[in-house]
Structures are given as structure tokens and as C-alpha cells.
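Residue-level listing of the chains:
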Amino acid sequence: MKKSNNYSKFVATAATATLVATAVVPAASAQEMKFTDVGDRYVDAVNYLVENNITQGLTETKFGTQSNIKRVDVAVLIAKATLTEDEINNAPASTFGDVPARATKYVSALKAKGIINGKTATSFGSDLSITRGEAAIMLSKAYEIEGDTANVKFGDVGTRYKDAVAALVDNEITTGKTDSSFGTDLSITRGELAIFLQKLETLHATPAPENKVESVEAISGTQVQVKFTDAVNPASLFKDGKMGEFKKDVFTMSPVGSSEAAGTVSGMISKDGKTLTITTTNVVKGDYTVVINQLISKEDKAIEKFSKVVTIAADTTAPKVLTTEKVNSTQYVVKFSEPMQTLGTITYKDENGKTIEALENSFEKGDSQVLFTLPADLAAGKSITAQVVAAKDMSGNLVAPNPTDITFTKGQPDGVAPTVKSIEQLDANKFTVTFSEELVGNPTVTVGGVSTTVEKDATNPLQYVVTASGNLTTAQTVVVKDFTDLSGENGASYSKVVTFTEDAEAPVVTATNIVADSENLQQYVEFTFNKDVNLDEAKVSATGKYVKNYVTTSGLTLPATAVDYKEAGNKKVVRVAMKDLVKGNDVEGAAYELLYTLSGVKTLSNVELKEKTGQLKFTRVADGTKENTKVVAVKTAEKDAEDNNKVIVTFDQAVEGATATNKENYTINGATIENVTLLPVAKNKTQQAVLNLTPGSSTFNGERAMTITNIKALGSTKTMESWNSTITLNENVAPTVTTAILTGTKEITLTFSEAVTSGDEFDFEILVDGKSMTTALNVNAAVKEGTKEAVITLGKKDAAFTTDQINKGITLKPVDTMDIKDVNGNMLSVPANITVTK
């Protein structure tokens, strides 16, 4: 492996970090991570690139972990990581004309070393996103690593990439995207490349992890703890990639025998990634089959599947208060040892023993942490004692000791008063006020002496959204007063002349959804806009068709119908009842495809909607029916046994035609889906979709990655989770006739594009001058075994071709019984009659 100056520098850094890690648990990353988009999986790799001055990220705060990376940028990174300064600065100039000045010397150096080639002799393809396959070739050459191609089991790795992929896999740099797909043609991200580079630089420096579940045990009535041998990547665990709801089939806990179901489960991973705490809504005890699957470690390794029956004893341990932590001068967090069912009865007393009003707290059933807020009028240094009686954990165990006393002391003001940092206009009548720190309650805000409505921003604790009584179009005096920070410091009244501008941008529809109202159970079409809209003159009309029982009714013209806000106070979401939209053409169970037109929709400053039309696809559900939230699942996806141009997807229930026949909802690496046909629902209630592949788009035999998304169960409002798996396909490149030569007066020799086979049935009708002979002459093409040739020989009773027939022209027309196929079963393609030459 090549070792540059950068590599030596990294080894020294890594050695130091190893020494520190043996003394401190958990080990910290080599430096404070400055990038906000770098998750735990990438921290060490990104730190390595930054520390060795290989890259400093896209901006001061963004590394671009999930961004694709250009060929020229990969070349720069590899050169910096593997070559010396002399090699970079003294290389002869390359012949590429599309390399930017900043990268010229790095590309030239790699070209001189034979590590890279261009797209052509004069173009490196600098601005093209590099694929994982191309990156594998560059990296394997740059680090001079090798592997055994026999170990490459991926179905999407062609001959060009096999050596490079084998090198990365055998040296444990990557295991591919899935067990059967390397992702050869997928763009590599900056984060993935960072991991590859770090692993290559530290090749064989660390032992291979075990990558498995170490233990599973209950720690309370509603908590199960899973320990792993290696740090788990939270992106493989949770839907949001951080915590909470698990991805489908990642964790299941099924009761055995009479054990009660665990209910809804959620999880939280520890900072070191090795301990997963699962919380259940129901108390668990007894035997459970625990399955943990499809997890990936932070080192991008697959974690071994865990599937065992785990016995959980009844929880008899009393809960207790672990800590009381001061958040600020007026708030405390009380942490219990486990989730609590109830806080029981709490009595609050001041320092004189006088019972006072209850403190505000955040408790909800199942919480293990509770935030208590002291009253604003409590003097600094004064205390309140809370006596907690009969608090219980989820299993009903009483708190110990019972009662438990907790004391809260009001802190001193921090000496720093809150200030207004900025005022920014949001909409025609809204603006935000951002403060230097969090406040107690809402401030008072006036515009031109007129009161406003103030609400705390749900996503930013330092920001408040102010709604004025009218549109903001001119310079106005904004006054902000009556605000206090969490320590009790009062902010000074703030006054500023703010120049507001009239909102001149048209509103935009950001989402269109078909939903069933949870209260009146009516079906609605909802339109969500990017800003508040005025509906005084707003209406929606539509044209299109619907399908019911395989009968299509076209030419629908649905008249304009008024729309209304979904709820008071929210002018971004509007809706129309489905019964009103399709009035006169309301057919329960019909699948509609409509083109809607919105009219009269304007911003609060009267700017009209520009993009007024869009598609609506839905299945009409009878009003009064509870919302159908069934989620469809894929049972199987496999190649049609007799046709390489078809893939059969079987769903576990009937599906919505509009989503199931949308080819954009399916992807197969290395094949193109031309269209989708939906078959009738089977007797066992399953339904199949036939993916019709574009002939010639699948060019190899073997496994390839497949994804299915956005499919809905029939009548459901919920889309399925993304289904990711592999499928084995044959190539579907049909053989063709390359030549047809008259090699005798009773013989025609055909040459094909590839080796073919044929049976005894007739394959062609012989035409003269483009017409059938007096008696139709059907013939068989006898294929020479193991070759690309076949010979058509006229029978003994058939007359030889005459000179006149030959001069008029002889052609071959395929007949229905033609059975010429290649070795993979692809039928001979004959788009036009075949001309026989002399």
C-alpha cells in the first residue's frame, strides 16, 4: 500500500487517539466535529480527512456527507491522500481539457501514475458524478490492493469492475450495498468515500469486529436492553435515523403462549452505539420471541441476525428518583430509574411548611423524566419541597422510598438580560422575532401601536411568530416588551422601525393528499400551500375519468366547487369534500384519475396562484367509513418463468391501481421498466403487478437490487414502506438475424447475432416479391448446434427457386410457431420481413 506524508501524519494521530481511548470511556473523536451534517457513522472518517488537510468540507458547517461527488473532486482527494508533494507538483500535464485549474496538478499526477483514465483522450469528465464502480477502480489502483474475483458475488459487477471490487471486499473496505449488489452504477457520496479512504489508510490496523447481539434482557416492566458487540449505525435502526420508531422488520417482540403483547415499541441507542434500550407500551413478562435483523454497524458491516426466545421475569423492583438536575434558575428535570405509570399525589410546600399551588410539570404516562417549572414570583434562593406519594412504575411497583421528597431552589438571575436579535418578515401579515436566549412565556409585540398575536415557534425555542391584524406593506414601528429569560432576568423594551414589503410571490401547491376526516369520516382532497392563502373566490374543478369493475368512464367534467380551510388559524391547508368535487359522478370503489384546476386562490396580498393544475389519483371510499390505514406488503418479486421481459410482483392484498401501475414506484438496477400491468385480485386476496421490461435493457444474468415504494392498499390512505431486496433476472437481449444468404437453389443460410436453439416447428413462410406463393411455403430453420447459423432447406417435393423468383426477391416472414431462441430463452426478434441476398 502506498504511504504518503499524509498517511504518516495520520498514523501518529491514530496512535495518540488509541492511547487516550484506553484511559477514557467512551473514547471521543479526534477533534470537535464542526460539521452539522456528519452523523456518528462518518465522524472518524471525516475527522481524518480534515486533520490531514485532504478536504475542509463544502462550507464551514457542511461536509456534504450525503452529496454526490464529482470525478475531479475524487481525483483531488485520492492524490492528496496517496501521493507525495513531489509526485503531485512534478507530474507531466495531462491531455484533458476539462479539468479546472484548482485540480490540474492532481489529475495530471494520477494520470502519470496510471491510476486514472479519462472518458476520452481529451476529456476527464470532471463534472460528472463518480459511481461506486469507478471509485473502486481508482482506489484499488491508488492503494495497490488486490482480491480474489471468485469472492465477488454481486450481480451488478461487470468484468470491468470485478478486480477492483474484489480488492475492496477482500480487504474489508466495503461489503457492498446489499449481499447481492455492490451498487456499481450508483453515485458514491462524500461520506462513503471518506469511510473508504480512512479504511484504506488504516488497512489491517484494527481487528475485525464480531458484529452481533451480545445479550437481551429486561431492565424494567416496559424496558428491554439489547447489547451489541459493535456500535450500531442508528440509520439502520430507526425510521428517522436517530431514535424512536423502528424501521420495518428491524425489531420484533412476539409473545409466546399466554404472554401479553408488548404493544407499540420504540428505542434509543446509547452514545457509543452498543446499547439499545427498547420501551414497550404494555408491561411485558413471560416468553417472547425477539428478532433483531437488518442492522448495520458504524463500520458499515452487517450485524448477525438475532432470533431467540427470551424469558422476562415479572418486574418487582421499586422505581426511585435517580437525579434532580437543574436546567436553569427556574426549571429542574427529575429522572426516575424507569418509566412511570403515575406520579401519584404530589404536595408542594414552601420553606415555612405552607402548602402552595402545584408546580407546572411535563409528566405523561410512560415518562422517565419530568420537567418541573418554579413560579415566576418565587424569590431567588427560596426553595419548594415536593412530596411524592404513591408514585408507581409501569408494573405498579411503588416508588422507594414512599413518600419521596424532592427540593427545588430558585436560582439567581444569570446577570445577562435577554435581547432581541432579529426581526424577519415571513408572510403578508407575519414576521418572526428571535431572542438571544429562551424566555418564560410570550413577549408583548405591537406594530404601529396595534396589538398582535404572538406564538412560540415549535421548531426554534428562541423564535416567536407574530401575526399582525392586517397586511404588512410599509415601514412600521415594532415594539417588543415584557420578556424575561429562564433565570428571571428582564429584557429591556425594544423598538425598531421595520420596513415590510408587500408579498409579490405567487403561492405554490407543495402537497396534495386524499384523506378521511377523523371526526366526520368524510373523504377530502387537501391542498397544502407554501404560504397563507386567501379563499374568498377560491374554487376547484376537474376533468378526467374513473375505472370500476374494469369499465372505464371517460370524459368527466366536474364543475367548480368552493374550497375551505381545513382548520381555523391555519391558512396554508385547504380542502374540498370529495362528495362535492365528484358530485353527479360519485361512484364508490371507483379509481379516479383527474386533472384538477384551482382558481381564485391568492396570497393575503392578492398575488394569484400561477401553477393551477395538477393530477389527482384516488379510490373513492364511502363517506362515513373510517380511514383505511392498511399498509400493503410485498410477498414476492420474481422473474416470469417463461418471459425474460416480465417481472411478477405479488402483494399481500388488493392494491390501489393508480400507485401500483405507476412505473416510477419500481426500480430494478440494470433493467428498464417500460410499463406496469395490474392483474385481477386472486382468490386468496393477493394481487399481482406485472412489470414489463424494455426489451434489451437487461444485459446480464444474475442478481440485482430492486426497490418498490409508494404503493397503497386498495382504499388506504397510507403508502407502504420502501421494499428493498434483490431479484435474479436473465438478460433480455433478443437475438436477431444478421444475414440471410441464398446458398443454393433450395437452401438459405441464416446467421444470428448470438447462438440460438430451435425446435421442429415451422419458423418462416417464404415470400416471393413480398407475396405468399401459390401454395404457402412454410419452412423450419435447422440450427447448427453450438453455432450462430441455421439452414433452411426446401423439402424434396418443393421446387427449387427459379431465376425469376430470385430476381423478384425472396423474403422470410416469421410465423406463429417460430421457436428460435437464445440460450436464455429470448425469442428471435424479427421486426420486419428478412430479405434473402444472393
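Residues numbered from 1 in each chain as written. Predicted model: local features only at pLDDT ≥ 70, side-chain atom pairs only at ≥ 80, totals over all residues. Heavy atoms only, no water.

**Here we look at the overall build of the protein**
For step 1, the next point in the chain: Along its length, the protein carries 11 helices and 51 strands.
For step 2, the next point in the chain: Projected onto its principal axes, the C-alpha positions of the protein cover 125 × 75 × 70 Å.
For step 3, the next point in the chain: Counting all 838 residues of the protein, 43% fall into the buried class.
For step 4, the next point in the chain: Sequence separation of at least 24 residues holds for 63% of the intrachain contacts in the protein that already meet a minimum separation of 6.
For step 5, the next point in the chain: Of the roughly 41700 Å² that the protein leaves accessible, carbon and sulfur atoms contribute 48%. (Helix = DSSP H or I, 4+ residues; strand = E, 2+ residues; numbered from the N terminus. Buried < 20%, exposed > 50% of the residue type's maximum accessible area, 1.4 Å probe, protein only. Contact = heavy atoms within 4.5 Å. Areas by Shrake-Rupley, 256 points an atom, 1.4 Å probe, with all protein chains shown as cover.)

**Looking at the environment of Lys 496**
For step 1, the next point in the chain: In this structure, Lys 496 sits in strand E24 (residues 494-499).
For step 2, the next point in the chain: Sequence separation between Lys 496 and Ala 560 is 64 residues; the distance between their C-alpha atoms is 46 Å.
For step 3, the next point in the chain: Ignoring sequence-local partners within four residues, the contact set of Lys 496 consists of Gln 476, Thr 477 and Val 478.

**Here we look at the packing of aromatic side chains**
For step 1, the next point in the chain: Counted under the stated rule, the structure contains 13 aromatic pairs.
For step 2, the next point in the chain: Ring geometry for Phe 35 against Phe 63: centres 5.6 Å apart, planes inclined by 55 degrees, an arrangement best described as tilted. Separated by 28 residues along the polypeptide, Phe 35 in the loop between helix H1 (5-23) and helix H2 (43-51) and Phe 63 in the loop between H2 and helix H3 (71-82) bring together distant segments of the chain.
For step 3, the next point in the chain: Note on Phe 35: relative accessible area 4%, which makes it buried.
For step 4, the next point in the chain: Overall, the relative accessible area of 1% leaves Phe 63 in the buried class. (Phe/Tyr/Trp six-rings, centres within 6.5 Å; stacked < 30°, edge-to-face > 60°.)

**Considering helix H5 (residues 104-112)**
For step 1, the next point in the chain: Of the residues making up H5, those classed as buried are Tyr 106, Val 107, Ser 108, Ala 109 and Leu 110.
For step 2, the next point in the chain: As for H5, its buried residues are in contact with H3 and helix H4 (85-89).
For step 3, the next point in the chain: Gly 114, located one to two residues past H5, shows a positive phi value of around 80 degrees.

**Considerations on the packing of helix H6 (residues 132-142) against helix H7 (residues 159-170)**
For step 1, the next point in the chain: Taken N-terminus to C-terminus, the directions of H6 and H7 make an angle of 65 degrees; their axes are 8 Å apart at the nearest point. Considering the angle they form, H6 stands roughly perpendicular to H7. Between H6 and H7 lies a crossing whose hand is left-handed. Residues Gly 133, Glu 134, Ala 136, Ile 137 and Ser 140 of H6 touch H7, and the partners they reach there are Arg 160, Tyr 161, Ala 164, Val 165, Ala 167 and Leu 168. (Axes fitted to C-alpha atoms, helices over the stretch in contact; angles between N-to-C directions. Parallel < 35°, antiparallel > 145°, perpendicular 65-115°, else oblique. Left-handed = near helix turned anticlockwise from the far one by under 90°.)

**Quick word on the sheet that holds strand E6 (residues 286-292)**
For step 1, the next point in the chain: The 3 strands are arranged E3-E6-E7 in an open sheet whose pairing can be described as antiparallel. Of all strands in the sheet, those bounded by a partner on one side alone are strand E3 (251-255) and strand E7 (306-312). Strand-to-strand twist in this sheet, taken as the mean axis angle between neighbours without regard to direction, amounts to 25 degrees.
For step 2, the next point in the chain: Pairing analysis gives 5 bridges linking E3 to E6, with the strands arranged antiparallel. Bridging from a neighbouring strand, Pro 255 pairs with Tyr 288 of E6. (Pairing = 2+ DSSP bridges.)

**Observations concerning the pairing of strand E18 (residues 430-435)**
For step 1, the next point in the chain: Summarising burial for E18: 5 of the 6 residues are buried, a large majority.
For step 2, the next point in the chain: Of the strand pairs in this sheet, strand E17 (residues 420-425) and E18 are connected by 5 bridges, and their pairing is antiparallel. Note that in E18 the partner of Ser 422 across the bridge is Thr 434.
For step 3, the next point in the chain: Hairpin geometry of E17 and E18 is characterised by an intervening segment of 4 residues between the two adjacent antiparallel strands.
For step 4, the next point in the chain: Where E18 and strand E22 (residues 463-467) come together, 5 bridges link them in antiparallel fashion. In the strand pairing of E22, Lys 430 is matched with Thr 467.

**A look at the pattern of salt bridges**
For step 1, the next point in the chain: Applying the stated criterion across every chain, the model contains 25 salt bridges.
For step 2, the next point in the chain: Notably, a salt bridge pairs Lys 579 with Asp 580, separated by 3.4 Å at the nearest N-O pair.
For step 3, the next point in the chain: You can call Asp 580 partly exposed: its relative accessible area is 32%.
For step 4, the next point in the chain: A salt bridge links Arg 620 to Asp 586; the nearest nitrogen and oxygen atoms lie 2.7 Å apart. With a gap of 34 residues between them, Arg 620 in the loop between strand E34 (613-619) and strand E35 (634-639) and Asp 586 in the loop between helix H9 (578-581) and strand E32 (591-599) connect regions that are remote in the sequence.
For step 5, the next point in the chain: Accessibility expressed as a relative area gives 37% for Asp 586, which makes it partly exposed.
For step 6, the next point in the chain: Put simply, Arg 71, Lys 119 and Glu 134 are held in one network by salt bridges that share partners. (Salt bridge = Lys/Arg side-chain N within 4 Å of Asp/Glu carboxyl O.)

**Quick look at the confidence of the model for the protein**
For step 1, the next point in the chain: Overall, the prediction assigns the protein a mean pLDDT of 88, with 95% of residues at 70 or greater.
For step 2, the next point in the chain: Residue range residues 1-30 is modelled with pLDDT below 50. Its contacts to residues more than four positions away, or to other chains, number 35 contacts.
For step 3, the next point in the chain: In this model, residues 204-209 is a region of pLDDT below 50 whose contacts with residues beyond four sequence positions or in other chains number 4 contacts. (pLDDT = per-residue confidence, 0-100.)

**Section: the side chain of Thr 484**
For step 1, the next point in the chain: For Thr 484, the position within the fold is in the loop between strand E23 (475-481) and E24.
For step 2, the next point in the chain: A polar atom in the side chain of Thr 484 sits 2.7 Å from the side chain of Asn 490.
For step 3, the next point in the chain: The residues contacting Thr 484, other than those within four sequence positions of it, are Pro 418, Glu 438, Leu 439, Val 440, Glu 489 and Asn 490. (Polar contact = N/O pair within 3.5 Å; in protein donor to acceptor, adjacent residues only side chain to side chain.)

**A look at the nonpolar core**
For step 1, the next point in the chain: Grouped together as the largest cluster of nonpolar side chains are 60 residues, with contacts concentrated most on Val 107 and Leu 197.
For step 2, the next point in the chain: For this core, the elements supplying multiple residues, two or more each, are H2, H3, H5, H6, H7 and helix H8 (190-201).
For step 3, the next point in the chain: No other element matches H3, which puts 8 residues into this core.
For step 4, the next point in the chain: Ranked by size, the runner-up nonpolar core spans 27 residues in total, among them Ala 542, Val 574, Tyr 592 and Tyr 596. (Core = buried A, V, L, I, M, F, W, Y, C linked by side-chain atoms within 4.5 Å.)

**Some thoughts on the pairing of strand E16 (residues 404-409)**
For step 1, the next point in the chain: Alternating positions in E16 separate cleanly, Thr 404, Ile 406 and Phe 408 being buried on one face and Asp 405, Thr 407 and Thr 409 remaining unburied on the opposite face.
For step 2, the next point in the chain: By the bridge criterion, 6 bridges tie strand E14 (residues 383-389) to E16 in an arrangement that is antiparallel. When the bridges of E16 are listed, Thr 385 appears paired with Thr 407.

**Observations regarding the side chain of Thr 280**
For step 1, the next point in the chain: Within the secondary structure, Thr 280 is located in strand E5 (residues 275-280).
For step 2, the next point in the chain: In contact with Thr 280, not counting residues within four places along its chain, are Gly 221, Thr 222, Met 253, Ala 262, Thr 264 and Val 265.

**Overview of the sheet that holds strand E11 (residues 345-349)**
For step 1, the next point in the chain: Strand order in the open sheet formed by 3 strands is E11-E14-E16, with antiparallel pairing between adjacent strands. Every other strand in the sheet has two partners, leaving E11 and E16 as the edge strands with one partner each. With strand direction ignored, the average angle separating the axes of adjacent strands in the sheet is 20 degrees.

**Let's talk about the environment of Ile 145**
For step 1, the next point in the chain: Within the secondary structure layout, Ile 145 lies in the loop between H6 and H7.
For step 2, the next point in the chain: Between the C-alpha atom of Ile 145 and that of Lys 612, which follows or precedes it by 467 residues, the distance is 57 Å.

**A few points about H2**
For step 1, the next point in the chain: Extensive coverage of H2 is indicated by the burial of 8 of its 9 residues.
For step 2, the next point in the chain: The complete set of buried residues in H2 reads Val 43, Ala 45, Val 46, Asn 47, Tyr 48, Leu 49, Val 50 and Glu 51.

**Structural notes on the packing of H3 against H5**
For step 1, the next point in the chain: Where H3 contacts H5, the axes come no closer than 9 Å and their chain directions differ by 70 degrees. Taken as axis vectors, H3 and H5 run roughly perpendicular relative to one another. Along its contact with H3, which presents Val 72, Ala 75, Val 76, Ile 78, Ala 79 and Lys 80, the element H5 presents Tyr 106, Val 107 and Leu 110.
For step 2, the next point in the chain: A class-by-class count of the residues in the contact of H3 with H5 yields 8 nonpolar, no polar and 1 charged. (Nonpolar A, V, L, I, M, F, W, Y, C, P; charged D, E, K, R; others polar.)

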